[in-house]
2 protein chains.
Amino acid sequence: MTGLRERKKQHTRESLVRAAYELFVEKGYDATTVDEIVAAVDVSQRTFFRYFASKEEVAFSLQALVTERYLEAVRSRPPGESPVELLRSTLDETWESIGEAIEEVVPLTLYMRMWQIIETTPALLAVQLRHAAGMEEQLAAEVARREGVDPDADPRPRVLVAAFSGVMRAAFRCWSSGEDITVEAAQQAVESYVDQLGPALSRDWERHPAPRTPPLPG
Amino acid sequence: MTGLRERKKQHTRESLVRAAYELFVEKGYDATTVDEIVAAVDVSQRTFFRYFASKEEVAFSLQALVTERYLEAVRSRPPGESPVELLRSTLDETWESIGEAIEEVVPLTLYMRMWQIIETTPALLAVQLRHAAGMEEQLAAEVARREGVDPDADPRPRVLVAAFSGVMRAAFRCWSSGEDITVEAAQQAVESYVDQLGPALSRDWERHPAPRTPPLPG
DNA sequence: TGTCAATTGTCAGCGGCTGTCATTAGCCTC
DNA sequence: GAGGCTAATGACAGCCGCTGACAATTGACA
């Protein structure tokens, strides 16, 4: 087992995350002061900034966990899938795993509300988009590696990942602005949006709106 | 003609933009202080914040102009084009117009260097991505209007725009990290990336890397 | 137990940003 | 052209995010 010092550190860190999340959800991100967060955990402000480089960072400590999991899952996927299938099926595979990982730190409902706050707070939204862009980089690199192409010479990995991520973001945005803030609803939104990618790019859209629950492929 | 007061205001505003751009390009965004900007124009710091809500905003005063132009061009496009064609051909159409509009305020090379700074400064990159997301919203709304679908019920407009914007962003990123920082190079990068969208989504990628200058459709 | 190193608290200070209020300067009327 | 009116500016104080530096504390380990 790890030493006392190590455990204490992890404890303060998690306490700070929890306190921050609760305050952000309760009174909003901008209205929450770092002083208030550290007061709730009873540490000095200086200590906070030794754990987190900025007030924003604490808000994304769990988001980082999520993207890390997804990337790992993509990397450990068996070969043989086409790039689109890779991204799509990894999504299917990792939903529960990610949900469980989150709940080890904070309740899932709190995390969901935090996501809403991120989407509605301009400063946080901006940072989230930047993080997503960072993940795109790594995803594109992995796709290129799998397909044996040079990611700097062949635009297709980046193009695919960019399109895929864009669609995912649109889906999350739709989900987080809706009423059903559950993992299942998120999963539903993302998958239905992804399935619309092909039709949306087709030359002529049929006049009738696409069904909310699109037909399953195959 | 406008009064003296109005002209003075516009003058200070443009002076602030120019001074800011030059300082940002010269010593970097983070290393540039608002105090330095206002010192170069000889106004008080308070005045700066009456013109721009934040230090970031002055860096994007021209970006706003660009997206505005593109949106207008999309809106004034004749009907009959498919959604993808709409976005693609508006792009072709507006390159020079936008370039000219920029040069009325600052030299194009300065603007290009500023773009590089935005892409390489985390704080600015984040804000730019947020602005892009805002434009996506409006683009999706326009696409939905043209196709006569409900943007809240039919995910295709958002999906298409998300994919298209993601690809554009990837192209700009590639361009801004390269050596040829000209409008033509940007145009070239964007159009070749957009043309790779279909191939990238196809089930099986051919093993050979796609050509940098892809074959024209049709 | 005593030494060493890691962690923390305290303090001073910078830079972004805002509210407030007095001052200046363009506008408009007589 | 002198007057009042209003918009724009400057000056000041102050909050908040964030950092460097140094001293105090506390776990680790011989």
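Bear in mind that the values here come from a model prediction, so they are computed numbers and not experimental data.

A. Summary view of the domain arrangement of chain A. All names here are of chain A. Segmentation of chain A into domains returns domain 1 (4–56) and domain 2 (60–201). Put simply, the middle of domain 1 and the middle of domain 2, counted by C-alpha atoms, are 27 Å apart. Of the residues lining the interface, 11 residues belong to domain 1; the matching set on domain 2 comes to 14 residues. A combined buried area of about 1,200 Å² lies between domain 1 and domain 2, and 75% of that area is made up of carbon and sulfur atoms. Of all residues in domain 1, the largest losses of buried area upon contact with domain 2 belong to Y21, V25 and E56, amounting jointly to 53% of the total for that side. The tally of links between domain 1 and domain 2 comes to 2 residue pairs in polar contact (both at pLDDT 80 or more).

B. Expanded view of the pattern of salt bridges. Scanning the model with the defined rule gives 26 salt bridges over all chains in all. The shortest N-O distance in the salt bridge between E142(A) and R145(A) comes to 2.9 Å. Pair noted here: E142(A) and R145(A) are both in helix α8 (residues 122–147), with a separation of 3 residues, about one helical turn. Here R156(B) and D154(B) are joined by a salt bridge, their closest N and O atoms 2.7 Å apart. Judged by its relative accessible area of 3%, R156(B) is buried. The class of D154(B) is buried, set by a relative accessible area of 0%. Three or more residues are tied together by salt bridges with common partners; here these are E119(A), R173(A), E137(B), D152(B) and R158(B).

C. Main features of the protein's contact with DNA strand D. Close to DNA strand D lie 22 residues, the nearest being L4(A), K55(A), K9(B), T47(B) and R50(B). The protein-proximal atoms of DNA strand D, defined as those within 4 Å of the protein, are 56% sugar or phosphate. Here a base nitrogen of DNA strand D and a side-chain polar atom of Q45(A) are 3.3 Å apart. A distance of 2.5 Å separates a phosphate oxygen of DNA strand D from a polar backbone atom of K55(A).

Rules of the game
- Residues numbered from 1 in each chain as written.
- Chains lettered and ligands numbered in written order.
- Predicted model: local features only at pLDDT ≥ 70, side-chain atom pairs only at ≥ 80, totals over all residues.
- Heavy atoms only, no water.
- Domains from an automatic or database assignment.
- Contact = heavy atoms within 4.5 Å.
- Buried area = accessible area lost by both parts, 1.4 Å probe.
- Polar contact = N/O pair within 3.5 Å; in protein donor to acceptor, adjacent residues only side chain to side chain.
- Salt bridge = Lys/Arg side-chain N within 4 Å of Asp/Glu carboxyl O.
- Helix = DSSP H or I, 4+ residues; strand = E, 2+ residues; numbered from the N terminus.
- Buried < 20%, exposed > 50% of the residue type's maximum accessible area, 1.4 Å probe, protein only.
- Near = heavy atom within 4 Å.

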